[in-house]
Every structure is written in C-alpha cells, then in structure tokens.
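# Breakdown of the fold
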Amino acid sequence: YINCNIDEPFSIWSHVESELIVKEKNWFKTFEKVNVEENLSFIIALKLRNEELIPLHLMKVSDPKSSEYGKHYSEDKLEELFSPLEEDFNVVYDWVNEYNPIEIKSTSLNTFIKVTMKVKDVQKMFINSDFRVFKHENGRRVIRNINLVKIPTEIESRIDTFFNIFELPYIKPDSYFSEEYKLQKFKEYLIQNDMEDPGFTFYATAGDSAINVVVFGDDVRGNIDQVEISLSQLNGATINVTKDFTEEQASALFNSLANFVNTTIQVRAHNRTSNTWGDYYNYLSEIQPNPWFTPESMKKLYYIPMNEYGTATNNSQAVVEFDFQFYSPDDLSQFTQLMGLPDLNVTVYGKNNPHIPGGESTLDIEWISFSNIDTTFWYSDGFLTDWIVEITNTTNPPLVNSISYGSPEFLNLPKTTTRLNNEFAMLGLRGVSIISTSGDIGSSDGTRVCKKDVPDFPSSSPYTTSLGATNFARNSNTPLCVQPGHYSVNDIPIYCDGQSEVPCSAETGAGFTTGGGFSNRFPIPEYQLSFVQDYLNNAPLPPSGFFNASGRGFNDVAAAGSNILIIQNGKLGDTGGTSASGPIFAAIAGLLNDVRLNNGKSPLGFLNPFLYQTAAEYPDAYNTVSGGNNRCKELSSNGLAVCCDDGFSAVPNYWNPLVGLGTPNYSVLKTAVQNLV
C-alpha cells in the first residue's frame, strides 16, 4: 500500500510533448476550461522483466537457420519470461486505487493497467499536473497534461510509461486522392496566386492509357456555356476538346494516350455574355495514365495463381483502423463480386458504422480480401498504443495485421516507441506478423523538415515489415520503355522489363511519394545489415548529415500503390498510396502462412529474417523496382511537387529505402516457404 504524501521521495516525469510537436501534429490548445468531473481514460505500461532478452528470443523462433525456428511461445511462456514482477504490479495497482478510479483493469500478462477516473482525481494523482483541452484541425477533442509532474519514485521505478496522458495522437491527413482534396487545392491555388475565380473547378482521373477530365461549374451568374480542355504530353502531342457546359458540368475522355508519359491539363471557359474565351487554368499535377490496378492484374504481376485462396481453418488476418474509419459490408460484397473474388468472412472487433465508410478502411478491407482468409476488421478508438494493449490481451490474435497508419518517429515520445517495439517483438514471439506502411509524403514524412530525413514509425521499428508503394507500368510502345536507360529521374535510369514497376513519386506524376529512410532511434538489425551496407556503399547518397547511416533501414519490401480500384458508398473509384501496398502484401503473407498451416506447421510470425534470407538464397524472389527517389512530398496548390533537395534513390540490384528488396514474386516465395523446416 502506497501512502503518497508530499514528504515522500518524488520523481519528475519529464516526458511531455513540446509546443513544436503539438503544432506539427495539427493540434492546438484551446481556451476551453477543463471540466474536472469529466472522465479520462489512460493506460499504465509496467516495466517488463528481462526486456533486454526479448530480441534474442524473437530471433530464435524467427531466423530460418535457427533450430528453434517456428517454435513460437505460448502466453504462459511469455508471462514466465517477461511479465512484470508481481510486487511491481501490486504496488502500482494499489497506487491507482487510492484515487477513486471509476474502472481499473489489468491485461492478461499484467503488462498494462487500464484506468478510467475523473479529471479531478487524475490531477491529484499527478502532482503539478495541468490538464488542458486540445482540438485537432479535424474537430477531434482530447484532454492532455502539459506540465512536468511529480510521481512517487517508488512508482516510477516500476513503470515504463503512460499512454493517453502526455501524448497527443497523430491523425492521418486527408487522402491526396479524394476529389474534395483536389478541388480544395485548386481554390487555394487561385487565392495564393491572386487569380480570378474562373467559375469552375476540375479534376482528372487517369488509367489504362486514358484520362477522364471532369469540369464542375460554380459560377452563380451562369455565364459559362462552353469549356475547352487541352492535354499536352511530353512527346509533344496536344489534344484540344470543346464541350458544351450543360447543367454546369462537362467531361471529356481522352483515349489512346501513350502509357506512362506525363501529361499536363489545362481548362478554359467561354463566356456567353461577352462571347470571349477566358484564360487557361492548369491542373494541379502532371498525370501519368497508368493501367487500373485490379486483383487480377496484381496476381499476374506478382505470379499468384488466379484461384489461390486461403483454405487453412486456423489462418487469420486483420486490417487495423482508427479515427472513425469504418467499412460497408455492401461495398465489400460489391467489390468481391465485381473482381471475381469469393465472399470474405469478416469479424468486427470494436465497432463499425457501415453508413459512413472511410476511404482508408475501405481500401484496406477490400484489398486484403483477395486472399479470402478469415479477416478481422479491428477498430480501435485510440491509436497504436490502444491497439497494442487490445491485441496483446487477445488469446488468439490475427496472424497477419495490416496497419496503414503511422507518424513521424520524432513525434512519438521515446519511451512510447521503445515500449511499442517490445510489444511488436513479443507478438512476433507468438507467431504474429505486423505489416506497416511508410507513408505517402517522401523522406520528409510530410513534416516541415527538409534538411533531415524524417523516419516514419512504426515502419522504422525493426519488428514490423515496412511497405513502400510502386506504379504499375506496362511494357508498351512508349518513350519510357522503347529506349531502355534513356529516361531517368535525378540521373537514376528507369528500365522496363515485361510488366514493370517504378517507385511512386509526386515528381513523376503519381500524386504522392512513397516513404522510406533510416531510423534515428533503432540500429540496423542483423537480418538486414549486409543489404543496407551494400546500398550505402554503392548508391548515390544524400549528404552524411541528412540521415542516420547506422539506423534501421526501411522499407523492407513494396507492392502496388497507384490507380487502385475500390468501391466506396456504392461507387467505383480509384485511390492509392502505401495504404494500398500494405494490405496487398499482408494478404500475400497470409497466403504464405496458409502453405505452412496446411502442412501442420506454425505460421511465419515475424517475417523480416525470412524475407531477407530468401532474397539472398532465391535471387528471383523479388521483382526489381528502380528509378527515381523520394525527395518530394506531395502536390502543392500551384500544381508542382513540393520537393526537398535530398532524398533516397531507388537503384537497381540493391535493397533501397523506397522499395526495400522489391515487390514479391509469390511463386518463388511459396517455394521458399515450402522448403522451411
């Protein structure tokens, strides 16, 4: 029993976010007075025993060359090795109980204590605390402490950290692929360049060597009777089409365009009153008309048999969602029918509102479906810390978990990333795979930072499998493919071979730039050391001060992330990002698990040692993806890619941060799995 009076020894808990980090996360401190009667929920992470031994145990069961490979640990064994000391748990539990908790629960291994209590009681628990109301630019509201606080030294020595007290969640920005985002950028472009509103907005969708341009009218005077749409391509071709502007809308479909050749779009309007044409307005990006990406084309590209589906009854996978990202079972059913896939068996963990399906969650659930493995739609009300508490408290967690969410590594408190790393590793010990995506905003990870590489977490964790994104390019009669080595980005040549891929980049018209880089917190793990060193020794690199050359390199692998078809709210649309490559690779990992499970073996678990060893032993296990770099972020309101001076290059024949080892050749990976013990 702890009697916490002012005379006993206290420690200063200094892990509080700075105002800079709060701003970078797009939160702001309000003037709203905190209601002390309001409930506040938080989590205490107790210290683990033998923490330093977790990586050693993980490699024993994850290294294919180990005699212990695949012999994953039970919850009982994890408890025996790593759970907090019983005394530590009891002391911390009793401390919390002194402050009138409304609810207090421990997780299965006593690693976490979940607490709900009134704000006024939390204030007493954390001496010198100052709780404030924060709001995100999207309207979300939370209560967090902003002060250095005192806690009893006897308590501090028994805990790792607190979740949801000192740290603000990172909320993913709006999709760069949404129509609303594109139209918003057009309006911003007009304002920033002091240009007159032409009375219309427009956006373009490109795919299968065609571009569809849609023009919307918002001219209250109704003076527009015609619009002229002009397309210009790098090869010199220009196409002009005039369309009647009926019911304040016009569209034009341009066919037979050279695939993968950048295209710029201009639109101008005719004024019926003055009988004059206005100025041309540029579309806010260059366009590359790539093929639409469907499950069928994906299977062909990655050598997956068309009827290859999961059949093991003990196989499972999950998509992990946050921030009101829900899915519609009707949309999913339409998608699987349209794509010729079997119906997917889905179980919801947490909650789901099918009436407001989100773009992220829709993409995730629809594209993991091609494996037809029983899937959990896992919705967590918090963020990564809340999800990790939930899944580690689950007796039979999904074997593969796809997470399309992350945040700049430096925006997470060090104690948080360290504890999450340990939890990821212990999930690997249980045979669970975690797939993370590296973001869509280049090596800067969407921050205001340009002079330094900004790694993304959890992709920078050595215990997740990180995904980059690629463009799909057919080997057709295009300048890009007809003249091998002639086209390059920043002096890195692009080569086409059969059906080829290049890394996604805003600089070359993808609309976004795949993440990838080097961790500033975690060293290079042994399983990738030789691959990363080969890259550092042979690739053109940014200045030495730009990145941590001794840090964990990510991405590990890549998959398609551009022109991905989905059905949302009953409508067929396109989207993209590393958010697509994550569930695609997760489904492939699920199929590889199926091979082992159907032969009475354990799942693959922590994937990375297997992936890198397979690259060394099976040269054709991954498709080479090269060309360009990830120095750019996204598209600005003037239609140009926002780019930093430096980024990382995707060079052929080496692991690289954009796409890792490359994209998967399933048939070879399946052979490698079959040859495992």
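In this text the structure is predicted, and so the values were computed from the model without any measurement.

## Some points on the overall build of the protein chain
Looking only at helices and strands, the protein chain has 17 helices and 37 strands in total. Across the 677 residues of the protein chain, 61% fall into the buried class. In the protein chain, once contacts between residues fewer than 6 apart in sequence are set aside, the share between residues at least 24 apart is 78%. Total accessible area on the protein chain stands at roughly 26,400 Å², and carbon and sulfur atoms take up 46% of it.

## Some words on the packing of aromatic side chains
Applying the stated criterion across every chain, the model contains 28 aromatic pairs. Pairwise contacts between aromatic rings join Phe42, Trp95, Tyr99, Phe126, Phe162 and Phe166 into one cluster. Over the ring of Tyr73 we find Lys77; its NZ or CZ atom is 4.1 Å from the centre of that ring.

## Observations regarding the state of the cysteines
Per the stated rule, a full pass over the model turns up 2 disulfides. Across the disulfide, Cys450 is cross-linked to Cys644 (sulfur-sulfur distance 1.9 Å). Measuring handedness by torsion sign, the sulfur bridge of Cys450 and Cys644 sits at about -90° and is left-handed. In this pair, Cys450 sits in the loop between strand S23 (433–437) and strand S24 (456–457) while Cys644 sits in the loop between strand S36 (641–643) and strand S37 (663–664), placing the two residues 194 residues apart along the sequence. The disulfide that involves Cys632 links it to Cys643, with 1.9 Å between the sulfurs. Around the S-S axis, the bridge from Cys632 to Cys643 shows a dihedral of about 85° and counts as right-handed.

## Examining the side chain of Thr385
Position of Thr385 among the secondary structure elements: in helix H11 (residues 384–392). Among the polar contacts made by the side chain of Thr385, one reaches the side chain of Asp386 at a distance of 3.5 Å. Ignoring anything within four residues of it in the chain, the contact list for Thr385 reads Phe163, Asn164, Thr416 and Leu420.

## A closer look at the sheet that holds strand S3 (residues 39–46)
One open sheet holds the 4 strands; their spatial order is S4-S5-S3-S9, and the pairing between them is antiparallel. Sheet topology places strand S4 (103–106) and strand S9 (159–163) at the edges, where each strand pairs with a single neighbour. Shown here is a sheet whose adjacent strand axes are inclined to one another by a mean of 15°, direction ignored. Bridge count between S4 and strand S5 (residues 112–118): 4 bridges; the pairing is antiparallel. The residue of S5 that forms the bridge with Lys105 is Lys114. Across the sheet, H11 is in contact with S3, S5 and S9; its angle to S5 comes to roughly 125°. Relative to the sheet, helix H12 (residues 414–429) contacts S3, S5 and S9, its axis offset from that of S9 by approximately 105°.

## Focus on the confidence of the model for the protein chain
Looking at the protein chain, the pLDDT average stands at 86 and 86% of residues meet or exceed 70. Across residues 475–482, confidence stays below pLDDT 50; counting only partners more than four residues off in sequence or on other chains, it has 18 contacts. Across residues 487–498 the pLDDT falls below 50, and counting only partners more than four positions away or on other chains, this stretch makes 36 contacts in the model.

## Re helix H4 (residues 86–97)
Here H4 is 12 residues long and its end C-alpha atoms lie 16 Å apart, about the 16 Å a rise of 1.5 Å per residue gives. Considered for burial, the residues of H4 that qualify are Asp88, Phe89, Val91, Val92, Trp95 and Val96.

## Comments concerning the sheet that holds strand S6 (residues 131–136)
The 3 strands lie next to each other as S2-S6-S7, forming an open sheet whose pairing is antiparallel. With partners counted over all chains shown, the strands left at the sheet margins are strand S2 (27–29) and strand S7 (141–145), one partner each. Direction aside, neighbouring strands of the sheet carry axes that sit 35° apart on average. As defined by bridge partners, S2 adjoins S6 across 3 bridges and the pair is classed as antiparallel. Counterpart to Trp27 in the pairing with S6 is His136.

## Quick notes on the pattern of salt bridges
Tallied over the entire structure, the rule returns 20 salt bridges. Note that Arg141 and Glu38 form a salt bridge whose closest N and O atoms lie 2.9 Å from each other. Linking Arg141 in strand S7 with Glu38 in the loop between S2 and S3, this pair joins segments that are 103 residues apart in sequence. Residue classification places Arg141 among the partly exposed positions, given a relative accessible area of 31%. Taking the shortest distance from any N to any O, the salt bridge between Lys124 and Asp121 comes out at 3.9 Å.

## Points about the packing of helix H10 (residues 359–367) against helix H15 (residues 578–597)
Running from amino to carboxyl end, H10 crosses H15 at an angle of 25°, the nearest separation of the two axes being 8 Å. Taken together, the axis directions place H10 and H15 in an arrangement best described as roughly parallel. Of the two elements, H10 crosses H15, and the hand of that crossing is right-handed. The segment H10 lies against H15, with Glu360, Leu363, Asp364 and Trp367 engaging Ser579, Ala580, Pro583, Ile584 and Ala587. Residues belonging to the contact of H10 with H15 are distributed by class as follows: 6 nonpolar, 1 polar and 2 charged.

## Concerning the environment of Arg272
With respect to the helices, strands and loops of the structure, Arg272 is situated in the loop between strand S15 (263–271) and strand S16 (276–277). On the basis of relative accessible area, Arg272 is assigned to the partly exposed category, the value being 46%. Apart from residues lying up to four places away in sequence, Arg272 is in contact with Gly222, Asn223, Ile224 and Asp225. Looking at Arg272, its side chain comes within polar contact range of the main-chain oxygen of Ile224, at 3.0 Å.

## Let's talk about the pairing of strand S19 (residues 346–349)
The pairing of S19 with strand S20 (residues 375–379) spans 4 bridges and is parallel. In the strand pairing of S20, Tyr349 is matched with Trp378. Once you follow S19 into H10 and on to S20, the crossover reads as left-handed.

## A few points about the environment of Leu231
Tracing the backbone shows Leu231 in strand S12 (residues 224–233). Exposure remark for Leu231: the relative accessible area of 1% places this residue in the buried category. In this structure the C-alpha to C-alpha distance between Leu231 and Gln266, which are 35 residues apart in sequence, comes to 6.5 Å.

## A closer look at helix H2 (residues 54–62)
Turning to H2, its buried residues are Ile54, His57, Leu58, Val61 and Ser62. Along the long axis of H2, the arc covered by the buried residues comes to 125°, so they all point the same way. Residues of H2 that are buried sit in contact with helix H3 (75–82), H12 and helix H16 (608–617).

## Notes on unusual backbone geometry
For the bond from Phe457 to Pro458, the omega torsion is 20°, close enough to zero to count as cis. Structurally, the position occupied by Pro458 is in the loop between S24 and strand S25 (465–474). Omega for the bond connecting Phe554 with Asn555 falls within 30 degrees of zero, at 25°, which places this linkage in the cis form. On the secondary structure map, Asn555 appears in the loop between strand S30 (551–554) and strand S31 (557–560). Even without being glycine, Asn569 reaches a positive phi, approximately 55°. Note on placement: Asn569 falls in the loop between strand S32 (564–568) and strand S33 (571–575). Using a relative accessible area of 51% as the deciding quantity, one classes Asn569 as exposed.

What counts and how
Residues numbered from 1 in each chain as written. Predicted model: local features only at pLDDT ≥ 70, side-chain atom pairs only at ≥ 80, totals over all residues. Heavy atoms only, no water. Helix = DSSP H or I, 4+ residues; strand = E, 2+ residues; numbered from the N terminus. Buried < 20%, exposed > 50% of the residue type's maximum accessible area, 1.4 Å probe, protein only. Contact = heavy atoms within 4.5 Å. Areas by Shrake-Rupley, 256 points an atom, 1.4 Å probe, with all protein chains shown as cover. Phe/Tyr/Trp six-rings, centres within 6.5 Å; stacked < 30°, edge-to-face > 60°. Lys NZ or Arg CZ within 6 Å of the ring centre and 35° of its normal. Disulfide = S-S within 2.5 Å. Polar contact = N/O pair within 3.5 Å; in protein donor to acceptor, adjacent residues only side chain to side chain. Pairing = 2+ DSSP bridges. Axes fitted to C-alpha atoms, helices over the stretch in contact; angles between N-to-C directions. pLDDT = per-residue confidence, 0-100. Expected span 1.5 Å × (residues − 1). Salt bridge = Lys/Arg side-chain N within 4 Å of Asp/Glu carboxyl O. Parallel < 35°, antiparallel > 145°, perpendicular 65-115°, else oblique. Left-handed = near helix turned anticlockwise from the far one by under 90°. Nonpolar A, V, L, I, M, F, W, Y, C, P; charged D, E, K, R; others polar. Right-handed = clockwise from strand over helix to strand, strands pointing away. Arc of directions from axis to C-beta.

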